[in-house]
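Next come the chains, spelled out residue by residue.
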Amino acid sequence: MLEINKIHQGDCLELMKDIPDKSIDMVLTDPPYGMDLTPQRSKGKFKNIKIKNDDNLDWSNLFFKEIFRVLKKNTVAYVFCSHHSIGTFIKDAKNAGFEIKNLLVWDKMWFGMGGNWRPNFELILVLTNGRFVTKSANKDNILRYRRISPQKSKHPTQKVVPLLEELIIEPDYEPKIILDPFMGSGTTAVACQQTGRDFIGFELDKEYVKVAEKRIKEAAGCKAESDDGIPPTNKLVGILPKIL
Ligand SMILES: C[S@@+](CC[C@H](N)C(=O)[O-])C[C@H]1O[C@@H](n2cnc3c(N)ncnc32)[C@H](O)[C@@H]1O
């Protein structure tokens, strides 16, 4: 088994081979969307920087087979996606053996770059290999957490810690080891730290491994990292910027 609470640099399709069958309690991951994103914000620090493997979805089939293999029975895989990738992801996830349990919307509460209808949400596939039930019975499937501002972000497609914390704590079982094969700047690792879970992370880009390691260290030093100053695990507080 690979070392836990560490981001392993390399290709997740290769590295996952070292994870034994049925040894992981949850997959929480944000893969490239196959959209060949080129960040364009004129003064942005990520201008013209491409995300690795974002120009194709050739890896998708093997990726879903591998996460299905390593997950214990009756667990969940959350996989972020967009209209670019959802068709391929659903096909490959079903082919691997997953049931599509739900499709969550992350309402980013602030629209992004682009023309026409500017993007204000992303999607999260909820996949299971058996039984999956949430703790709460009264939540809708739209999760509202304000996105991190481009000035503060450390990765062009960075997710927010409180959103990932909600995904980690909602299942009615207690996941101990969480796998993120596409770790980026380490948001899943920080959310695991702050909810008391172990993680295994993979990231191809050496620079993002360094960014993630720094973030993990910093988050360990403070009680709760909050993106844009919003404390974690509190949806109501997350909504405040909208109504103030
Ligand atoms: C969408 S980003 C994840 C961003 C992350 N959620 C965050 O909050 O920072 C996907 C990441 O997967 C990495 N990646 C792409 N192909 C990979 C592969 N085969 N193995 C491991 N990492 C890969 C990219 O370098 C990129 O940082």
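Note that the structure is a prediction, hence the values are computed from the model and not measured.

Side note on the overall build of the protein
Consideration 1: In terms of regular secondary structure, the protein is built from seven helices and eight strands.
Consideration 2: The contacts of the protein with a sequence gap of at least 6 include a subset with a gap of at least 24, amounting to 71%.

Quick notes on the nonpolar core
Consideration 1: Counting 55 residues, the largest nonpolar core has Val-27, Ala-77 and Tyr-78 as its most contacted members.
Consideration 2: By residue number, the principal contributor to this core is strand E3 (residues 71–81), which donates seven residues.
Consideration 3: Discounting chain neighbours no more than four positions away, the residues touching Ala-77 are Val-27, Ile-67, Leu-71, Phe-98 and Leu-127.

Concerning the site of the ligand
Consideration 1: The environment of the ligand is formed by 24 residues, the closest being Asp-30, Phe-182, Gly-184, Ser-185 and Thr-187.
Consideration 2: Elements with a minimum of two residues in the shell around the ligand: helix H1 (12–15) and strand E8 (198–203).
Consideration 3: Tallied by class, the residues present in the shell around the ligand amount to 11 nonpolar, seven polar and six charged.

A look at the environment of Tyr-173
Consideration 1: Positionally, Tyr-173 belongs in the loop between helix H4 (161–169) and strand E7 (177–180).
Consideration 2: Take Tyr-173: there are 15 C-beta atoms within 10 Å of it, and that puts it in the partly exposed class.
Consideration 3: Put simply, Tyr-173 and Thr-134 are 39 residues apart on the chain and 8.5 Å apart in space, counted from C-alpha to C-alpha.

What about the sheet that holds E8?
Consideration 1: Strand order in the open sheet formed by eight strands is E1-E8-E7-E2-E3-E5-E4-E6, and the pairing between neighbours is mixed. Each edge of the open sheet carries a strand with a single partner, namely strand E1 (6–9) and strand E6 (142–144). Strand-to-strand twist of the sheet, defined as the mean angle between neighbouring strand axes without regard to direction, takes the value 20°.
Consideration 2: Of the pairings in the sheet, the one linking strand E4 (residues 99–107) to E6 comprises three bridges and is parallel in character. Residue pairing across strands places Asp-107 opposite Arg-144, the latter belonging to E6.
Consideration 3: Against the sheet, helix H3 (residues 86–96) touches E3, E4 and strand E5 (121–128), its axis set at about 5° to E5.

Topic: the packing of H4 against helix H5 (residues 187–194)
Consideration 1: Closest axis-to-axis distance for the H4/H5 pair is 9 Å, and the angle between their directions is 60°. Classified by the angle between their axes, H4 and H5 sit oblique to one another. Where H4 crosses over H5, the handedness of that crossing is right-handed. Where H4 approaches H5, its residues Val-161, Leu-164, Glu-165 and Ile-168 are matched on the opposing element by Thr-187, Thr-188, Val-190, Ala-191, Cys-192 and Gln-194.
Consideration 2: Among the residues making up the contact of H4 with H5, the classes are represented as six nonpolar, three polar and one charged.

Digging into unusual backbone geometry
Consideration 1: One non-glycine residue, Asn-5, lies in positive phi territory at about 55°.
Consideration 2: When you line up the elements, Asn-5 lands in the segment before E1.

Quick notes on the confidence of the model for the protein
Consideration 1: Taken residue by residue, the protein gives an average pLDDT of 88. The fraction at 70 or more is 87%.
Consideration 2: Throughout residues 228–244 the model reports pLDDT below 50, and contacts reaching past four residues in sequence, or to other chains, amount to 29 contacts.

Topic: the pairing of strand E2 (residues 24–29)
For a regular strand, side-chain orientation follows a simple rule: the groups alternate between the two sheet faces.
Consideration 1: Summarising burial for E2: five of the six residues are buried, a large majority.
Consideration 2: Here five bridges tie E2 to E3, and the two strands are oriented parallel to one another. Bridge pairing links Thr-29 to Val-79 in E3.
Consideration 3: Bridging between E2 and E7 involves two bridges; their strand directions are parallel. Bridged to Val-27 within E7 is Leu-179.

Observations concerning the pairing of E3
Consideration 1: Among the 11 residues of E3, eight are classified as buried, and the element is accordingly described as predominantly covered.
Consideration 2: Examined bridge by bridge, E3 and E5 share six bridges and lie antiparallel to one another. Residue Val-76 lies in a different strand from E5, and its bridge partner there is Thr-128.

Analysis parameters
Residues numbered from 1 in each chain as written. Predicted model: local features only at pLDDT ≥ 70, side-chain atom pairs only at ≥ 80, totals over all residues. Helix = DSSP H or I, 4+ residues; strand = E, 2+ residues; numbered from the N terminus. Contact = placed C-beta atoms within 7 Å. Core = buried A, V, L, I, M, F, W, Y, C linked by C-beta atoms within 7 Å. Buried ≥ 20, exposed ≤ 12 C-beta atoms within 10 Å, placed from the backbone. Near = placed C-beta within 6 Å. Nonpolar A, V, L, I, M, F, W, Y, C, P; charged D, E, K, R; others polar. Pairing = 2+ DSSP bridges. Axes fitted to C-alpha atoms, helices over the stretch in contact; angles between N-to-C directions. Parallel < 35°, antiparallel > 145°, perpendicular 65-115°, else oblique. Left-handed = near helix turned anticlockwise from the far one by under 90°. pLDDT = per-residue confidence, 0-100.

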